[in-house]
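So the chains spell out like this:
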Amino acid sequence: MLIVKKFGGTSVADKERIMNVARRCIKDYQAGNDVVVVLSAMGKQTDVLIDMAKDINPNPSKRELDMLLTTGEQTSVALMAMAMSMLGVPAVSLNAFQVAMHTTSVYGNARLKRIDTERIRNELDLKKIVIVTGFQGVNKYDDLTTLGRGGSDTTAVALAAALHADKCEIYTDVDGVYTADPRIVKKARKMKEITYDEMLDLATLGAGVLHNRSVEMAKKYNVELVVRSSLNESEGTVVKEETKVERMLVSGVAADKNVTRISLVGLKDKPGIAFRVFDILAKANINVDMILQSIGRSGSKDISFTIPRDACNDALKALEDNMERLGNPEISHNDKVAKVSIVGAGMMSNPGVAARMFECFYNSNININMISTSEIRVTVLIDEKETEKAMNAVHEAFGLED
Ligand code: ASP
Ligand code: MG
């Protein structure tokens, strides 16, 4: 069997944990498997490197930043190979260049395009454990790139797909995927299984366990994932196409505080206005999430939308630069808001889920600012202060607790 095992920063944060991971991988190796290990940088090393860069130059070139950040993963893979060899097992560490993991050219947010598997296959044939740097790649200029924060998950899934691995295990510091963040919802329960679509929504909406692109990729290449803890032997959560257990109406609750709402009041009520607004934002490279447009009345209408908080200044500037084109609407923004979402494949065939969520907010006296839905998700925008209360209330209303 070929197994890809990915360990996050906390799992390799110090010598003891590195030895612990080494032993865990060796167990699979000694059971006769081919083992490929993907690692993140140790502990908070990526943040440390970013701080070092900003200390020297508050606005470092993205190319040089990637050059710097990729050293974090290179450190952990080399130390891991040394640890395994101390334990008497042949291992080799490889960086993105040595494997040849080809990405698009965008520094800081590159996408994997193709992975050469020859070098890894050769090393496996020599009966070595192969340890690969997560998070990094090489672009067409032969420069190092990174895949965006949390990107090592995506490296692992891409490798599992390219190598046709039998298993892809993502080890982290939690036991698996929970019905809600257990730090916020004390009664959160670990899920046995979850579908790719549910996981993708949860990851995108702020669940924080997996990089959302890794889930996208797992779905595309049908790589079954197991999310489990590196600190204990607990079974973890399986992420796959179809789950066997009876579908819960709602499988999880997620919150995201990285939101700002912008409102444009008094736009002309005529064709092409929404296009103008979102074209301006698109050209400024701003990711718009929820959108709400009011019904036009006496020739004018309002549009509100949400964006990531750190994009607020850019968005306001882009809009203000185009005031005339927009017909001089009133612009306001609020960054004390949060998105709370429920996700569940069972929603598709069951009406009334949204109503139940809104009823629960009504009972808890939480005001809803905006609503958006998909087949398997309902998201509401509320006052940031109410996030924890809202999550707990919804979690209970849908009977998600233990
Ligand atoms: N080390 C990188 C980060 O901190 C990648 C990862 O951990 O997945 O974002
Ligand atoms: Mg991570």
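The present account deals with the structure reproduced in this document. Within each chain, residue numbers correspond to sequence positions counted from 1 in written order. Chains carry letters from A onward and ligands carry numbers from 1 onward, assigned in written order. Only residues with pLDDT of at least 70 get local features here, since the model is predicted, and only at 80 or more are side-chain atom pairs given and counted; chain-wide, interface and lining totals rely on the full set of residues. Hydrogens and water are ignored here; the side-chain numbers use all heavy atoms of the structure.

## What about the nonpolar core?
The nonpolar core is taken to be a set of buried Ala, Val, Leu, Ile, Met, Phe, Trp, Tyr and Cys residues, with the residues joined through side-chain atoms within 4.5 Å. Each residue is placed in one exposure class: buried if its accessible area under a 1.4 Å probe, protein chains only, is under 20% of its type's maximum, exposed if it is over 50%, and partly exposed if it falls in between. Membership of the largest hydrophobic core comes to 49 residues, with the highest contact counts inside it found for Val36, Ile120, Cys168 and Met199. With 23 residues, the next largest nonpolar core counts Ala188, Ile342, Ala393 and Leu400 among its residues.

## As for the sheet that holds strand 13 (residues 252–256)
Here four strands make up an open sheet; going across it, the order is 13-18-20-19 and the pairing antiparallel. Looking at the sheet topology across the chains shown, the edges are occupied by strand 13 and strand 19 (370–374). Each neighbouring strand pair of the sheet contributes to a mean axis angle of 20°, computed without reference to strand direction. A pair of strands is considered paired only if DSSP assigns at least 2 bridges between the two. Starting at the N terminus, helices and strands are each numbered in turn, a helix being any DSSP run of H or I of at least four residues and a strand any DSSP run of E of at least two. Sheet topology places strand 19 next to strand 20 (residues 377–383); five bridges connect them, and they run antiparallel. Bridge assignment links serine 372 to a residue of strand 20, and that residue is threonine 379. Any two residues whose heavy atoms approach within 4.5 Å at even a single point are treated as in contact. Working convention: axes come from line fits to C-alpha atoms, limited for helices to the stretch in contact. Angles between N-to-C directions cover 0 to 180 degrees. Sheet contacts for helix 12 (residues 353–363): strand 18 (337–343), strand 19 and strand 20; angle to strand 20, the most-contacted strand, approximately 20°. Contacting strand 13, strand 18 and strand 20, helix 13 (residues 387–397) crosses the sheet at an angle of about 170° to strand 13.

## Side note on the packing of helix 1 (residues 15–30) against helix 3 (residues 62–86)
Orientation of helix 1 relative to helix 3, taken along the N-to-C sense of each, is 65°, at an axis distance of 9 Å. Like other packed secondary-structure pairs, helix 1 and helix 3 cross with a definite hand, here right-handed. Residues Ile18, Met19, Val21, Ala22, Cys25 and Ile26 of helix 1 touch helix 3, and the partners they reach there are Leu79, Met80, Ala83 and Met84. Split into classes, the residues belonging to the contact of helix 1 with helix 3 amount to 10 nonpolar, no polar and no charged. Note: crossing handedness is left-handed where the near helix turns anticlockwise from the far helix by less than a right angle, and right-handed where it turns clockwise. Three categories are distinguished: nonpolar for Ala, Val, Leu, Ile, Met, Phe, Trp, Tyr, Cys and Pro, charged for Asp, Glu, Lys and Arg, and polar for the others, with Gly belonging to the last.

## Here's the deal with the site of ligand 1
Here, proximity means that at least one heavy atom of the residue falls within 4 Å of the molecule or strand. Around ligand 1, the surrounding shell consists of Ser40, Ala41, Thr46, Glu73, Phe135, Arg149, Gly150, Gly151 and Ser152. One of the side-chain nitrogen or oxygen atoms of glutamate 73 is found 2.7 Å away from a nitrogen atom of ligand 1. Within 3.5 Å is the distance limit for a polar contact, defined as a pair of N or O atoms, with the added protein rule that one can donate a hydrogen and the other accept it, and that residues adjacent in sequence qualify only through two side-chain atoms. At 2.7 Å from an oxygen atom of ligand 1 is found a side-chain nitrogen or oxygen belonging to arginine 149. To measure how exposed things are, a 1.4 Å probe is used in the Shrake-Rupley method; for residues, cover is taken only from the protein chains shown. Alone, ligand 1 offers 260 Å² of accessible surface; in the complex the protein occludes 86% of this. A class-by-class count of the residues in the shell around ligand 1 yields two nonpolar, five polar and two charged.

## Examining helix 2 (residues 45–56)
The terminal C-alpha atoms of helix 2 lie 17 Å apart, and with 12 residues this matches the ideal 16 Å at 1.5 Å per residue to within 8%. Of all the positions in helix 2, only Thr46, Leu49, Ile50 and Ala53 are classed as buried. Looking down the long axis of helix 2, one finds its buried residues gathered within 100° of arc, a one-sided arrangement. More than 90 degrees from the buried face of helix 2, the exposed residues found are Asp51, Met52 and Asp55. How far a helix is expected to stretch is found by multiplying one less than its residue total by 1.5 Å. Throughout, the arc means that of the directions going from the helix axis to the C-beta atoms.

## Re the packing of aromatic side chains
In this scheme Phe, Tyr and Trp rings, the latter by its six-membered ring, pair at centre separations within 6.5 Å, and the angle between planes marks the pair as stacked below 30 degrees, edge-to-face above 60, and tilted otherwise. Summed over the entire model, instances satisfying the criterion amount to two aromatic pairs. Between phenylalanine 7 and tyrosine 171, the aromatic rings sit 4.5 Å apart at their centres with planes inclined by 10°, giving stacked as the arrangement. Placement of phenylalanine 7 in strand 1 (residues 2–7) and of tyrosine 171 in strand 9 (residues 167–172) is noted, with a sequence separation of 164 residues between them. Like phenylalanine 7, the residue tyrosine 171 is buried in the burial classification. Centre to centre, the rings of phenylalanine 278 and phenylalanine 305 are 5.6 Å apart; their planes meet at 75°, and the pair counts as edge-to-face.

## Quick notes on the sheet that holds strand 17 (residues 330–334)
Taken together, the four strands give an open sheet; going across it, the order is 15-16-14-17, and neighbouring strands pair in antiparallel fashion. Pairing within the sheet leaves two strands with one partner each, and these edge strands are strand 15 (291–293) and strand 17. Looking at each pair of strands side by side, their axes are set apart by 15° on average, direction ignored. Where strand 14 (residues 260–268) meets strand 17, five bridges bridge the pair, whose relative direction is antiparallel.

## Regarding the pairing of strand 14
Sheet topology note: the strand 14/strand 16 (residues 300–307) ladder contains seven bridges and is antiparallel. Note that in strand 16 the partner of leucine 264 across the bridge is isoleucine 303.

## Comments concerning the packing of helix 6 (residues 152–162) against helix 8 (residues 212–220)
For any two helices packed against each other, the geometry comes down to the angle between their axes and how far apart the axes lie. Between helix 6 and helix 8, whose axes approach to 7 Å, the crossing angle comes to 15°. With respect to helix 8, the axis of helix 6 lies roughly parallel. Between helix 6 and helix 8 the crossing geometry is left-handed. Residues Asp153, Thr154, Val157 and Ala158 of helix 6 lie in contact with helix 8, whose contacting residues are Arg213, Ser214, Met217 and Ala218. Residues of the contact of helix 6 with helix 8, tallied by class, amount to four nonpolar, two polar and two charged. For classification, angles of less than 35 degrees are called roughly parallel, those exceeding 145 degrees roughly antiparallel, those between 65 and 115 degrees roughly perpendicular, and all remaining angles oblique.

Bear in mind that shape data such as this cannot, by itself, settle questions of function.
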